[in-house]
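So the chains spell out like this:
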Amino acid sequence: MSVTTPRLLPLGDWGVVAEFGGDEISDAANAAVLALRRVVDAERLPGVVETLPTYRSLLVVFDPLRTTAAAVREALLALAGRADPSSLPAGRVVELPTAYGGVHGPDLASLAAEVGLTEEAVVAAHTGREYRVYMLGFSPGFPYMGTLPEVLRVPRLRSPRTYVPQRTVALAGQQTGVYPVASPGGWRLIGRTPLRIYDPTREPPFLLDAGDRARFVAISEREYDLRAPADESPAAPPVPASPDFVVERGGLWTTVQDFGRPAYRRFGLPQSGAMDPLALRIANLLLGNSPGAAALECTAPGPRLVAARRTAVAITGADLSPVVNGRPAPGWTAMSLREGDVLEFGAPRAGQWAYIAVPGGLDVPPALGSRATYVRGDLGGYGGRRLLDGDLLACERRAPGALLRLPERARPPVGGACTVRAVLGPQETYFTDAAVGALLGQEFSPGVHADRVGYRLDGPRLEHRASAELLSDGLMPGAIQVPSGGQAIVIMADGPTAGGYPKIAAVVRTDLRLVAQARRGDAVRFRAVGWDQAHLAAREAAAAAASLRLERASD
C-alpha cells in the first residue's frame with residue numbers, strides 16, 4: 001500500500017480508519033498520517049467529531065446522525081491528495097529530564113546486563129538521540145516515541161507489572177515512552193522524570209502531542225527530588241455546603257456519568273460517559289432534566305443514599321432491586337423523597353448498570369467539557385473517583401422539572417439474551433474464515449472480567465491466520481479485539497483509545513448498551529451489517545428515542 005494513498009477501513013458505524021504503509025514503524029507513514037490529520041482538521045468536514053493519529057493510521061470519528069461512512073470516505077480520498085507530509089511543521093522539541101536507575105529505574109541494571117553494556121552506556125545511548133512522538137494512547141498522554149538505538153531494543157517483560165509509578169520512563173522494542181499515570185505495564189523501567197506528562201488541572205493537560213520531538217536529559221537523583229511535584233494526589237472532591245444526599249454506602253462502583261467528553265482521543269483520553277446512554281437519557285427526562293445531565297451510574301452491590309432534604313430521583317437501567325425505606329421502589333419512574341428517606345439496592349435481577357437521576361443533574365464541576373468520571377485519569381465526577389462512604393452530593397435544582405414515568409410497554413430491554421449488530425473490520429482479514437463464522441454463528445457471554453474498560457467474552461476461540469499483534473491502532477467503544485489467546489474483548493466506555501490487537505469487528509454504537517447490560521451467563525450473539533448501512537442503526541435509535549411518550553407519575 002502506498003504511503004500517500006490510504007486504505008480506508010471501517011471501525012463500527014462511527015469510525016473510518018485511513019491506513020498507510022505496512023505493519024512496521026515508519027516515519028514516512030506517520031508523516032502521511034499527520035499530514036492527513038492536518039487537512040481533515042482544517043477542512044472541518046460536516047459530521048466529523050475528531051481524529052486520532054496512530055503510527056500508521058488516522059481514525060476519523062464521525063456522527064452517523066449527521067453524515068455517512070460513504071461521505072467520509074469520499075472526503076478522505078479527496079483530501080489525501082492535498083495532504084503533503086513535506087509541509088508539516090518540524091514539531092516542538094521537548095526536553096524530558098530523567099533520573100536513571102535506582103528506585104526510579106528498577107530495570108536499568110538488568111537491561112544493561114542483557115544488552116552487554118554498562119548502565120552509564122545505556123543512559124548515554126538513550127539520551128543520545130531525538131525521538132519522534134508518533135502517537136498518544138494506552139493511558140492519558142502516554143507518548144509512543146521512537147525509534148530506539150538498536151542496542152537498546154529489548155522485548156517487553158514476559159509478565160507485566162501490576163503497578164508502574166506515574167512519570168516512569170520506559171522502553172520496549174523500538175519504542176520509548178513515559179507512563180503519565182500509575183498503571184499496569186510491561187515495558188522496561190529505566191528512569192523517572194519530574195515533569196507531569198498528564199495533569200488534568202493544567203491547560204493544556206497533555207505535555208506532548210503527535211508530531212512533537214523529545215529529548216531525554218539525564219539528571220541526578222537530588223535534582224529529581226528538587227523538581228518532582230510535591231503533591232500528586234487527585235484533586236479534592238467538591239464538598240457541597242448544603243448537600244441533598246449523604247452517601248452512607250458507596251457501593252461497588254458508583255460514579256458520576258453523563259454522555260462523556262469527545263475530542264480528546266488523540267491524547268489517549270477515552271470519552272467515558274454512561275455504559276447505557278439510553279437509560280441515562282430516560283432517567284433525566286423523567287425528572288425534566290436535559291438528556292445528558294450528570295447522574296449516578298452504579299452496579300451491584302449498589303449505593304445507600306440518604307436524602308438530606310426533600311428532593312426526587314428517577315432510577316432506570318438495570319434492575320438492582322431498589323428500595324426506599326425498605327419498600328420496593330419503581331424503576332423507570334420519577335419519585336419524590338422526603339428528608340431522611342433512604343434509597344438502597346438489593347440483589348440484582350437483570351442488567352448490570354443502573355442510573356439514578358436527580359433534579360437538574362448532579363452539581364459537580366465539569367472537567368474538559370464533561371462531568372463524566374474517568375477513574376484511571378483522576379478526572380471528572382466526584383474528584384475523579386468512585387463514590388465512598390460519607391460523601392455528600394448536591395443537585396443542580398431543588399425541585400424536579402417534572403415527575404414522569406415510562407410505561408412498561410415502552411421500556412427498552414435490559415439484560416438477558418441479545419443479538420447485536422456489528423460491522424466486520426478493520427482487521428477481519430487477520431482471522432480465519434472459521435473465526436469469522438464463529439463470531440457470527442455462535443453464542444458468547446460476558447466472562448469474569450467485565451467492567452467499564454472492556455468485557456472479556458466467554459465463547460469460542462477466534463483463531464488468527466498469522467500474527468495476533470499489530471502496530472497500535474485506533475480504538476473506540478464497541479471494537480472487538482482478539483489477543484493471541486483467541487478470547488474476544490469488547491471495548492467499553494473507559495477503554496483505551498489505541499491498542500495492538502487485531503479487531504475482528506465493532507458493535508454498532510446503539511447496540512453496545514445491550515452488551516454492557518448483559519450479565520455473566522447471558523447469551524450475546526453478533527449479526528453482521530454492512531458498513532454503508534450501519535449508520536441507519538443510529539438514525540433508527542434516535543427516532544425511537546424521540547417517539548417515547550412519558551406519562552405523569554403518581555407520587
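**Some remarks on the packing of aromatic side chains**
Then, in step 1: Considering all chains together, one arrives at 12 aromatic pairs under this definition.
Then, in step 2: Ring geometry for Tyr 55 and Tyr 134: centres 5.2 Å apart, planes at 45°, overall tilted. With a gap of 79 residues between them, Tyr 55 in the loop between strand S3 (48-53) and strand S4 (57-62) and Tyr 134 in strand S6 (residues 131-136) connect regions that are remote in the sequence.
Then, in step 3: Owing to a relative accessible area of 1%, Tyr 134 belongs among the buried residues under this scheme.
Then, in step 4: Measuring from ring centre to ring centre gives 5.9 Å for Tyr 144 and Trp 187, while their planes differ by 75°; the resulting arrangement is edge-to-face. In this pair, Tyr 144 is assigned in strand S7 (residues 143-146) and Trp 187 in the loop between strand S11 (183-185) and strand S12 (188-192), connecting sequence segments 43 residues apart. Across the pair, exposure class does not vary: Tyr 144 and Trp 187 are buried alike.

**So, the sheet that holds strand S17 (residues 304-307)**
Then, in step 1: The strand order S20-S19-S22-S17-S14-S24 describes an open sheet built from 6 strands, whose pairing is antiparallel. Taken across any chain shown, the strands that pair with only one partner, and hence form the sheet edges, are strand S20 (327-328) and strand S24 (392-393).
Then, in step 2: In this structure, strand S19 (residues 322-324) lies alongside S20, joined through 2 bridges in antiparallel fashion. Bridge pairing in S20 places Val 323 opposite Pro 328.

**What to know about the nonpolar core**
Then, in step 1: Membership of the largest hydrophobic core comes to 75 residues, with the highest contact counts inside it found for Phe 245, Leu 462, Ile 480, Ile 504 and Phe 526.
Then, in step 2: Grouped together as the second largest cluster of nonpolar side chains are 34 residues, Val 122, Val 154, Tyr 198 and Leu 269 included.

**Topic: empty space enclosed by the protein**
Then, in step 1: In the structure shown here, the tally under the stated rule is 2 cavities of 30 Å³ or more.
Then, in step 2: As a volume, the largest cavity reaches approximately 40 Å³.
Then, in step 3: Forming the boundary of the largest cavity are Pro 238, Pro 240, Leu 362, Asp 363, Val 364, Tyr 382, Leu 392, Leu 393 and Ala 394.
Then, in step 4: For the lining of the largest cavity, the residue count by class is 8 nonpolar, no polar and 1 charged.
Then, in step 5: The volume enclosed by the second largest cavity comes to roughly 30 Å³.
Then, in step 6: Lining the second largest cavity, in full, are Arg 265, Pro 270, Gln 271, Leu 475, Met 476, Pro 477, Gly 495, Pro 496 and Thr 497.
Then, in step 7: Tallied by class, residues from the lining of the second largest cavity come to 5 nonpolar, 3 polar and 1 charged.

**Remarks on the layout of surface pockets**
Once rolled over the atoms, a probe with the size of a water molecule shows which space is left empty.
Then, in step 1: Of the voids in this model, the largest pocket is the one considered here, and its volume is about 1,600 Å³.
Then, in step 2: Phe 138, Arg 156, Gly 499, Gly 500 and Tyr 501 are the residues nearest the centre of the largest pocket, which is lined by 42 residues in total.
Then, in step 3: When the residues that make up the lining of the largest pocket are grouped by side-chain class, the tally is 22 nonpolar, 12 polar and 8 charged.
Then, in step 4: Of the voids in this model, the second largest pocket is the one considered here, and its volume is about 1,200 Å³.
Then, in step 5: Surrounding the second largest pocket, 43 residues form its lining, Pro 277, Leu 278, Arg 281, Arg 509 and Thr 510 being those nearest its centre.
Then, in step 6: When contributions to the lining of the second largest pocket are tallied by element, the ones reaching two or more residues are S3, S4, helix H6 (277-286), helix H8 (512-517) and helix H9 (535-546).
Then, in step 7: It is H9 that provides the largest number of residues to the lining of the second largest pocket, a total of 6 residues.
Then, in step 8: Within the lining of the second largest pocket, the residues separate by chemical class into 29 nonpolar, 4 polar and 10 charged.

**Comments concerning the pattern of salt bridges**
Then, in step 1: Inspection of the entire model under this criterion finds 34 salt bridges.
Then, in step 2: A salt bridge links Arg 266 to Asp 209, with the nearest nitrogen and oxygen atoms 2.3 Å apart. Here the residue Arg 266 occupies a position in the loop between strand S15 (255-257) and H6, and Asp 209 occupies one in the loop between S12 and strand S13 (213-219), the gap between them amounting to 57 residues.
Then, in step 3: Under the relative-accessibility criterion, Arg 266 is labelled partly exposed at 21%.
Then, in step 4: Here Asp 209 falls in the buried class, since its relative accessible area comes to 13%.
Then, in step 5: Residue Arg 513 is joined to Asp 276 by a salt bridge in which the shortest nitrogen-to-oxygen separation is 2.7 Å. With Arg 513 in helix H8 and Asp 276 in the loop between S15 and H6, this pair connects stretches of sequence that are 237 residues apart.
Then, in step 6: A single salt-bridge network, built from bridges that share partners, covers Arg 7, Glu 19, Asp 23 and Arg 56.

**Some details on the packing of helix H1 (residues 27-43) against helix H2 (residues 69-80)**
Then, in step 1: As a packed pair, H1 and H2 sit with axes 10 Å apart at the nearest point and diverge in direction by 120°. Taken together, H1 and H2 sit at an angle that is classed as oblique. As H1 runs across H2, the sense of the crossing is right-handed. In this structure, H1 contributes Leu 36, Val 39, Val 40 and Glu 43 to the contact, and H2 contributes Leu 76, Leu 79 and Ala 80.
Then, in step 2: Residues belonging to the contact of H1 with H2 are distributed by class as follows: 6 nonpolar, no polar and 1 charged.

**Here we look at the sheet that holds S12**
Then, in step 1: Pairing in this closed barrel of 7 strands is mixed, and the strands run S5-S12-S9-S10-S7-S6-S13 around the ring. Across this sheet, the average inter-strand angle for adjacent strands is 40°, counted without regard to direction.
Then, in step 2: Contacts from helix H3 (residues 108-115) reach strand S5 (93-100), strand S9 (168-172) and S12, with the element oriented near 125° to S12.

**Some words on the pairing of strand S21 (residues 333-337)**
Then, in step 1: With 4 of its 5 residues buried, S21 lies for the most part within the structure.
Then, in step 2: By the bridge criterion, 5 bridges tie strand S18 (residues 311-319) to S21 in an arrangement that is antiparallel. Bridging from a neighbouring strand, Ile 315 pairs with Thr 333 of S21.

**Some words on the environment of Ser 86**
Then, in step 1: Within the secondary structure, Ser 86 sits in the loop between H2 and S5.
Then, in step 2: The spacing of Ser 86 and Ala 35 is 51 residues in sequence and 8.5 Å in space, taken between C-alpha atoms.
Then, in step 3: Engagement of the side chain of Ser 86 in a polar contact is seen with the side chain of Asp 84, the distance being 2.6 Å.

**Brief notes about the pairing of S3**
Then, in step 1: Of all 6 residues making up S3, 5 are buried, and the element is well covered by its neighbours.
Then, in step 2: Here 5 bridges tie S3 to S4, and the two strands are oriented antiparallel to one another. Each residue of the ladder has a partner; that of Leu 52, found in S4, is Leu 59.
Then, in step 3: Hairpin geometry of S3 and S4 is characterised by an intervening segment of 3 residues between the two adjacent antiparallel strands.

The rules behind each value
Residues numbered from 1 in each chain as written. Predicted model: local features only at pLDDT ≥ 70, side-chain atom pairs only at ≥ 80, totals over all residues. Heavy atoms only, no water. Phe/Tyr/Trp six-rings, centres within 6.5 Å; stacked < 30°, edge-to-face > 60°. Helix = DSSP H or I, 4+ residues; strand = E, 2+ residues; numbered from the N terminus. Buried < 20%, exposed > 50% of the residue type's maximum accessible area, 1.4 Å probe, protein only. Pairing = 2+ DSSP bridges. Core = buried A, V, L, I, M, F, W, Y, C linked by side-chain atoms within 4.5 Å. 1 Å grid on protein atoms, 1.4 Å probe; cavity = no way out; pocket = protein on both sides within 12 Å on 5 of 7 lines; lining within 4 Å. Points joined across faces, edges and corners; volume = space filled by probe spheres on them. Nonpolar A, V, L, I, M, F, W, Y, C, P; charged D, E, K, R; others polar. Salt bridge = Lys/Arg side-chain N within 4 Å of Asp/Glu carboxyl O. Axes fitted to C-alpha atoms, helices over the stretch in contact; angles between N-to-C directions. Parallel < 35°, antiparallel > 145°, perpendicular 65-115°, else oblique. Left-handed = near helix turned anticlockwise from the far one by under 90°. Contact = heavy atoms within 4.5 Å. Polar contact = N/O pair within 3.5 Å; in protein donor to acceptor, adjacent residues only side chain to side chain.

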